[in-house]
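Close look at the chain arrangement
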Amino acid sequence: MNVLDEIVGGVREDLAFRRARTPRSELRDRCAALTAPRDCAALLRSGTGVQVIAEVKRASPSRGPLADIVDPAALAADYVAGGAAAVSVLTEQRRFAGSLADLDAVSSRVGVPVLRKDFVVDSYQLWEARAHGADLVLLVVAALGRAQLAELHAEAQEIGLTPLVEVHDEHEVEGAVAAGAGVIGVNARDLRTLRVDRGTFARVAPSIPAGPVRVAESGVRDARDVAALARDGADAVLVGEALVTGDSPGEAVRNLLAGRRPVR
């Protein structure tokens, strides 16, 4: 069993507990009371250069605890003040120390799109995401079969969520495109081994057809990385560790944005 399998196994166990506590009908009622969804793809594609999706991230499977985030809403507000176009919130609790409470706190504080970042394996989690204020939801191709990916992608859109479909190689890009993904994230971290290959985006991005927003995930450290990813065709970067481990999250976002124009 690899790391991804272990994470997904834990996600399923925790999901069963939440499903028993909160019926889907209650989530549907909460979603019905929300305002109309935003066009997140358009917001992430800007003529001003690469956008930053800044992440609220307490821990990771590869490094363990990263930051003691007492007030996730305040952190998210700092990100937005620094220029973040969207905020990602980890909600997986076992390996990332996240929660739906974090998603509630952040979505009620910021005016930019909020991504629920988790390992979605059931449509119940889509309703959870929307009910707790998410605008976007992560769908990891490596954790889903093609048929399930297509079903979850379609249902997410029906609910009002923008799916960010995560891939790691050219084969997974095919699955994302077949599902109709309008936002595709290329993760430089292999979720099976947790190793990071910073050349992943440059290698995989050319297989993504024109149209979908291209998001580079993992391994982004500074403005030079952002500039290189912009050169390789990234519309946005998703950054967590480099932001939460620094002294000034807002300033860290501003520093990343200094590299938003491609290096030629």
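Structural notes, computed from the coordinates. What you are looking at is a predicted structure, and each value in this text was computed from that prediction instead of being measured. (Residues numbered from 1 in each chain as written. Predicted model: local features only at pLDDT ≥ 70, side-chain atom pairs only at ≥ 80, totals over all residues. Heavy atoms only, no water.)

Remarks on the nonpolar core
Ranked by internal contacts, the top residues of the largest apolar core, which has 91 residues, are Tyr-79, Leu-126 and Val-237. Sorting elements by how many residues they give to this core places helix α1 (residues 3-21) first, with 6 residues. If we skip the residues at most four places from it in the chain, Tyr-79 touches Ala-54, Glu-55, Val-56, Ala-84, Val-87, Leu-243, Val-244, Pro-249 and Val-253. (Core = buried A, V, L, I, M, F, W, Y, C linked by side-chain atoms within 4.5 Å. Buried < 20%, exposed > 50% of the residue type's maximum accessible area, 1.4 Å probe, protein only. Helix = DSSP H or I, 4+ residues; strand = E, 2+ residues; numbered from the N terminus. Contact = heavy atoms within 4.5 Å.)

Section: the pattern of salt bridges
With the rule as written, the count across this model stands at 18 salt bridges. For Asp-122, the salt bridge goes to Arg-19, with nearest N and O atoms at 3.4 Å. Of the two residues, Asp-122 sits in the loop between β5 (114-117) and α6 (123-131) while Arg-19 sits in helix α1, which places them 103 residues apart along the sequence. Classification of Arg-19 by relative accessible area gives partly exposed; the value is 35%. Overlapping salt bridges, with partners in common, bring together Arg-18, Arg-116, Asp-118 and Glu-128 in one network. (Salt bridge = Lys/Arg side-chain N within 4 Å of Asp/Glu carboxyl O.)

Regarding the environment of Leu-194
Counting through the fold element by element, Leu-194 comes out in the loop between β8 (183-187) and α9 (200-204). When the C-alpha atoms of Leu-194 and Val-141 are compared, they prove to be 16 Å apart, with 53 residues separating the residues in sequence. What Leu-194 contacts, discounting residues up to four positions off in sequence, is Val-3, Pro-61, Ser-62 and Arg-189.

Some remarks on the packing of helix α4 (residues 72-81) against helix α12 (residues 249-257)
Between α4 and α12, whose axes approach to 7 Å, the crossing angle comes to 35°. Like other packed secondary-structure pairs, α4 and α12 cross with a definite hand, here right-handed. Contact residues: Leu-75, Asp-78, Tyr-79 and Ala-81 in α4; Pro-249, Gly-250, Val-253 and Arg-254 in α12. Of the residues contributing to the contact of α4 with α12, the split by class is 5 nonpolar, 1 polar and 2 charged. (Axes fitted to C-alpha atoms, helices over the stretch in contact; angles between N-to-C directions. Left-handed = near helix turned anticlockwise from the far one by under 90°. Nonpolar A, V, L, I, M, F, W, Y, C, P; charged D, E, K, R; others polar.)

Remarks on the environment of Ser-218
If you trace the backbone, Ser-218 turns up in the loop between β9 (213-217) and α10 (223-231). When near neighbours in sequence (up to four residues on either side) are disregarded, Ser-218 contacts Asn-187, Ala-188, Arg-189 and Leu-238. Here the side chain of Ser-218 touches Asn-187 through a polar contact of 2.6 Å, side chain to side chain. (Polar contact = N/O pair within 3.5 Å; in protein donor to acceptor, adjacent residues only side chain to side chain.)

Details of unusual backbone geometry
A positive phi angle, close to 55°, is found at Ala-97, a residue other than glycine. Residue class for Ala-97 comes out partly exposed when judged on its relative accessible area of 37%. Residue Ser-218 is not a glycine yet carries a positive backbone phi of 75°.

Comments concerning the pairing of strand β4 (residues 86-90)
By the criterion of burial, β4 is predominantly enclosed, with 5 of the 5 residues buried. Neither face of β4 is open: one carries Ala-86, Ser-88 and Leu-90, the other Val-87 and Val-89, and all of them are buried. The pairing of strand β1 (residues 51-56) with β4 spans 4 bridges and is classified as parallel. In the sheet register, Val-56 faces β4, and the bridge partner there is Val-89. Running through helix α5 (residues 100-107), the crossover from β4 to the neighbouring parallel element β5 is right-handed. (Pairing = 2+ DSSP bridges. Right-handed = clockwise from strand over helix to strand, strands pointing away.)

Observations concerning the side chain of Arg-130
Along the chain, Arg-130 turns up in helix α6. There is no salt bridge for the buried Arg-130, and the closest opposite charge comes from Asp-135, which lies 4.4 Å off by N-O distance. Other than its neighbours up to four places away in sequence, Arg-130 contacts Cys-31, Leu-34, Thr-35, Ala-36, Pro-37, Asp-135, Ile-159, Gly-160 and Leu-161. (Lys, Arg positive; Asp, Glu negative; His and termini not counted.)

Notes on the sheet that holds β4
Read around the closed barrel, 8 strands run β1-β4-β5-β6-β7-β8-β9-β10, paired in parallel fashion. Shown here is a sheet whose adjacent strand axes are inclined to one another by a mean of 25°, direction ignored. Pairing geometry for β1 and strand β10 (residues 236-239), over 4 bridges, is parallel. Of the residues in β10, the one forming a bridge with Ala-54 is Val-239.

A closer look at helix α8 (residues 170-179)
Of the positions making up α8, those classed as buried are Glu-172, Val-173, Gly-175, Ala-176 and Ala-179. One side of α8 carries all its buried residues, which in axial view fall inside an arc of 160°. Exposed residues lying more than 90 degrees from the buried face of α8 are His-171 and Ala-178. Packing partners of the buried residues in α8 comprise α7 (146-159), β7 (162-167), β8 and α9. Following α8 by one or two positions, Gly-180 has its phi on the positive side, about 90°. (Arc of directions from axis to C-beta.)

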